[in-house]
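Inside the fold
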Amino acid sequence: MEQKIIKSFYLLFLLLTTQIFAQNDNNSKIDLPELVFGEWTTVLDKNRFTEFTLHKHFIESYWQPYLYNDDFKKSENLYSFTATNDHDDTKEFKIKVISKDTLSVNRGEGFKTFFRQKTPRKSSYTTLKECPDFLKKTWYTTDGNNKLEFSLTDDEFIFDGKKYEVEQVVNYSGSRQYRFLVKDEIGYKMFYFKDWYADGYLQIGYNGNYGDLYKSNKAYPNSRTENVAAYLASIVPKEIQGNWLKTDGSNLWSHTLYYNFAVLDQVKWNYKSIKKKGNKYIVILEKNGTEKVMYVQPNTNNTVSFGFNKKQLQPYSLEKTNNPNFKLKENTSIVLDTTILKVGIATYTGIIKNFDKDNTERTGTVAVNNIFTGDQDSYIIEIEDDGSFSVSFPCYHLEQVYVKFPKSYSAVYVAPGKKTWHFINSSKRGDGFFAGDLKQLNTDVNSLFFMVFDEDYYNLTKNIKELTLKDYKTACFNIQKQQIHKLDSISKTRFLSTKAYQTMHDELTYRGYEEALSYDMYKRSSSKDGDDIDAEYISFITPNILNNKKAIETSSYNSFINRLKFLKPFREGISVTHPNVVELAKILNEEGVELTIDELALIEKHKTYNIENAQAIKKQKEFNDTHKDILRDISRKFGTLYQKMTDEERKKYFGENMSLDNFTDYIKSNKLDITFTEAEKEYQIKAQNLLTKEEKENLKLFYSEETNKQNRAFSEKYKSHIDKFVSSELKRKGIEKIRENLEDTFSTDVIIAQEILGTLSRNYTPLSDSEIQTSKKEIKNSFIANVLTIENDKLKTKIEANNSRTGYVVNTTSNIEANRIFEAITSKYKGKVIFVDFWATWCGPCRSGIKRMKQLKEDYKDKDVAFVYITSPSSPKTTYNNMIPSIKGEHYRVSKDEWNYLGDKFNISGIPHYLLVNKKGEVVKQNTSDLHSPESIKLLLDSYLEKE
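Cut-offs used in this document
Residues numbered from 1 in each chain as written. Predicted model: local features only at pLDDT ≥ 70, side-chain atom pairs only at ≥ 80, totals over all residues. Heavy atoms only, no water. UniProt positions renumbered as here; feature names shortened; annotations may be inferred. Core = buried A, V, L, I, M, F, W, Y, C linked by side-chain atoms within 4.5 Å. Buried < 20%, exposed > 50% of the residue type's maximum accessible area, 1.4 Å probe, protein only. Helix = DSSP H or I, 4+ residues; strand = E, 2+ residues; numbered from the N terminus. Contact = heavy atoms within 4.5 Å. Pairing = 2+ DSSP bridges. Axes fitted to C-alpha atoms, helices over the stretch in contact; angles between N-to-C directions. Disulfide = S-S within 2.5 Å. Phe/Tyr/Trp six-rings, centres within 6.5 Å; stacked < 30°, edge-to-face > 60°. Lys NZ or Arg CZ within 6 Å of the ring centre and 35° of its normal.

Looking up the protein chain in an unreviewed UniProt entry gives the name Redoxin family protein, with the organism given as Wenyingzhuangia gilva. Regarding the protein chain, the UniProt comment filed under Subcellular location (unreviewed entry) reads as follows: "Cell envelope".

Structure follows, in structure tokens:
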């Protein structure tokens, strides 16, 4: 999970930020035909990453300019070369000229077709003179030096004191973002100017940086300020403004004096008055009638002394103090509690510095990884007008949670029974301050966030095609060793609390293990053939690694467990055969289900057949047990084929004359990537000759069309019992396999807990008391065993609360022909814009998507918008009934035939699958990328609400 989040944010960062390109003195140029130069795009893909620019002196790819190297090759109409960016990252490019407006280009990901475009997508060419006035200013750095770095006028573009000729200016439509291509006698540079901030501020990218903040006036503050006029008119002297840190080496935040408010004792204060008396300031703060007097004295060593007694002032600094010899006075182990596992409530509270009370977004979310369920729980954070917030939630141990607010994303530590206070200073990652019980830990770990975002593993996985299994493992542990060495080096130059060092050490250690176990996952995504992870490969996972309970406090341990439990050696060979009629009857009897007379007769019929044909049945069972691996592989291939076939084809190929030869003919005629091995073909021949002629005849007579019809009806009626049995058996066998591989360790219990509790979230059905007691026996750790009861009770409470909820409607579609089902559903909401979600209770991505849509539904509850949820009988009825009260909207659980029709009509190959229907009942969007994000859905809803 963490690795995915890190990569997603890294790619987003590249997209939203900027680069520059400066050529070296060689001013290299490539010998490509003139017709290839210009802007190119793959029009079938809406992603901006698919565009690139070919210039005579450089190539811009993925928003990064690359300088051509001297290795140009030409073969017929294929041009090959490499190019290098400012980070010394070299890429190989191959270009085939199809026509003057079409290229086939390989940028390291296979050849793709590109088409010429006049400008980058959604943009237009302009000139420096035509640029808006907000760009044409002098721009100063905000690093504290106030250096004049850019100056733009109608006629001049000056960078770092040097004038450049502007060759091209691009404006991205609908935004205040501009791309400048400039040159001097040495070469070319590419700049992106982005007005994402208040007036007087720009983000400008250059020199391979992601982009820095610039200001148009030296007197402006060095951080984004919404009301610059108020800042300039503030009564707070500039020399005492800022976020003030202790100078003892702890680097703990103490207080903030901002131009229009102060933050002290975790509370936001207003200024009543500020007076200067001698070399001191007397600052009087006010909050709801309460006053606080602060004495402030600027010093000559870039510090300022503060205090509430004018004779007892302490120095504070805006900069961190490096003091590796600092010793904490308070015992952080007592503050944190030495008990690793503990049931309790964590509190996360704080203030957002620049929160706009008129903002339509008034909430944030905190995502909490539950290591024992394997799920991620999400909690809403409501933001007050003054930017303050507070949320409490259950947790079991010290852990890092992920907080998302409008314009900011943070990772912070919380713990049961403890309070974490957070002052969110800006949208920049790592720019925040902490107070509360975990202030030292959060301060220290927050200062090391760059280590978590280290690109070494990311770069390694990009080259996985060239790595053997052994080489990849070695590379992972080399990176792990380097990162831990870097941590040790840092700890020698400045103070890190013992807890922070230990936590970060474990974080880096288990990240190395996690990455090493991810080889199969990355290999599959790269379509690379090679060795699979086996028992020898994972021999580095010792009992000490598995029994380190403190590792549970790191994010990497969560990912490590996830990779571990899905390893092929831990899942291989686990399969369950669906119960036959007699076995199902036994299961139903144990569950106290009363059967009908006809059902009892069917069971007796099967029992008689089993007695009379015991020898043939035994022969078949022994044969299948011997060949279970081959049988499993054949069954998988049959399942894939069955899914691809029409009903008529299924009847033809899965009838009594079922054979691999017929399937092979079908595969060839439909050009499917499925083959049957020689061993599988040999198995079929042996299976066909296994029984005598008499045994085959008895089998054929018994399994008549009438008996098969009764068997199907019996199985369909008690499908939920069959599903429960299969799920239970898979869980049991999975637990046996885990214990067989990992023995009795702490991590074994964590994985087993996830196996047991995972069924709760998937089925949304609590375990019975007897099931809980049986499950507890599988877990050795008493705390984790108790978690089973806690999580089961939480689900019961949630279901009870759901029963009293409103805002959801259960609809039926009885007596409607399957091919008219969609029209029948949508006709109820004519005159409304309809968002349709095809989903299932067992589908994780479906449920995640529904959670993301929760706030959007609230925003549109009084507008002409309907949210319609459609599922099939694959969503178990009990689970469905328990779950939907927490999902506001219109609900339909259609029949299998109706679902099949809908799947065919809208080409539903997987779920979730989304549709947007306009007020006239016309489908205007079908599972496009903009239907997967609440932000883009909001724009679509607003657009279609305006249309008649």
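Turning to the nonpolar core, a few remarks are in order. In this structure, Phe 372, Tyr 557, Phe 560 and Leu 564 are the most contacted members of the largest nonpolar core, which totals 83 residues. The element best represented in this core is helix H23 (residues 746–763), accounting for eight residues. Those residues in contact with Phe 372 that lie beyond four places of it in its chain are Leu 341, Tyr 396, Ile 552, Val 750, Ala 753, Gln 754, Leu 757, Phe 783, Ile 784 and Val 787. Within the second largest apolar cluster, 20 residues are counted, among which are Tyr 348, Ile 381, Phe 393 and Val 412.

This part takes up the sheet that holds strand S34 (residues 432–436). Here we have four strands laid out as an open sheet, ordered S30-S27-S33-S34, and mixed in their pairing. The sheet terminates laterally at strand S30 (388–395) and S34, the two strands that pair on one side only. In this sheet, neighbouring strand axes are inclined to one another by 20° on average, regardless of whether the strands run parallel or antiparallel. Seen against the sheet, helix H4 (residues 439–446) touches strand S33 (419–424) and S34 and runs at an angle of roughly 160° to S34.

Moving on, we come to the pairing of strand S27 (residues 344–352). Where burial is concerned, most of S27 is hidden: eight out of the nine residues are buried. Summarising the sheet, S27 and S30 pair through eight bridges and their orientation is antiparallel. Of the residues in S30, the one forming a bridge with Ala 346 is Phe 393. Pairing of S27 with S33, which is carried by six bridges, proceeds in the parallel orientation. Looking at S33, one finds that Thr 347 is bridged to Lys 419.

A few words on the state of the cysteines. If you walk through the whole model with that rule in mind, you get one disulfide. Two residues, Cys 843 and Cys 846, share a disulfide whose sulfurs are 2.3 Å apart. Classification of the bridge connecting Cys 843 and Cys 846 rests on its S-S torsion, roughly 80°, and on that basis the disulfide is right-handed. Accessibility assignment for this pair places Cys 843 and Cys 846 in one class, buried.

An order of S29-S28-S31-S32 is seen for the four strands of this open sheet, with the pairing classed as antiparallel. Each edge of the open sheet carries a strand with a single partner, namely strand S29 (375–382) and strand S32 (408–414). When the angles between neighbouring strand axes are averaged without regard to direction, this sheet yields 25°. Bridge count for strand S28 (residues 363–370) against S29 is eight bridges, and the pairing is antiparallel. Following the sheet pairing, Asn 370 is matched in S29 by Asp 375.

Bringing unusual backbone geometry into the picture now. Note the cis peptide between Ile 911 and Pro 912, where omega equals 5°. Mapped onto the secondary structure, Pro 912 falls in the loop between helix H30 (896–905) and strand S39 (913–917). With a phi close to 60°, Asn 251 is a non-glycine residue in the positive phi region. Among the structural elements, Asn 251 can be located in the loop between strand S19 (242–246) and strand S20 (253–257). Phi is positive for Glu 743, close to 60°, though the residue is something other than glycine. By secondary structure assignment, the location of Glu 743 is in the loop between helix H22 (719–742) and H23.

Before going further, it helps to spend a moment on the packing of aromatic side chains. Counted by the stated rule, this structure contains 59 aromatic pairs. Aromatic pair Phe 157 and Phe 180: ring centres 5.4 Å apart, planes at 45°, arrangement tilted. Residue Phe 157 is located in strand S13 (residues 157–159), and its partner Phe 180 is located in strand S15 (residues 177–183); the two are separated by 23 residues in the primary sequence. With respect to burial, Phe 157 and Phe 180 carry one shared label: buried. Between Phe 838 and Phe 906, the aromatic rings sit 6.1 Å apart at their centres with planes inclined by 40°, giving tilted as the arrangement. Residue Phe 838 is found in strand S36 (residues 833–838), and its partner Phe 906 is found in the loop between H30 and S39; the two are separated by 68 residues along the sequence. You can call Phe 838 buried: its relative accessible area is 0%. Following the ring pairs from residue to residue traces out a cluster consisting of Phe 150, Phe 157, Phe 159, Tyr 164, Phe 180, Phe 191, Phe 193 and Tyr 214. Here the guanidinium or amino end of Lys 96 rests over the ring plane of Phe 111, the centre of that ring lying 4.5 Å away.

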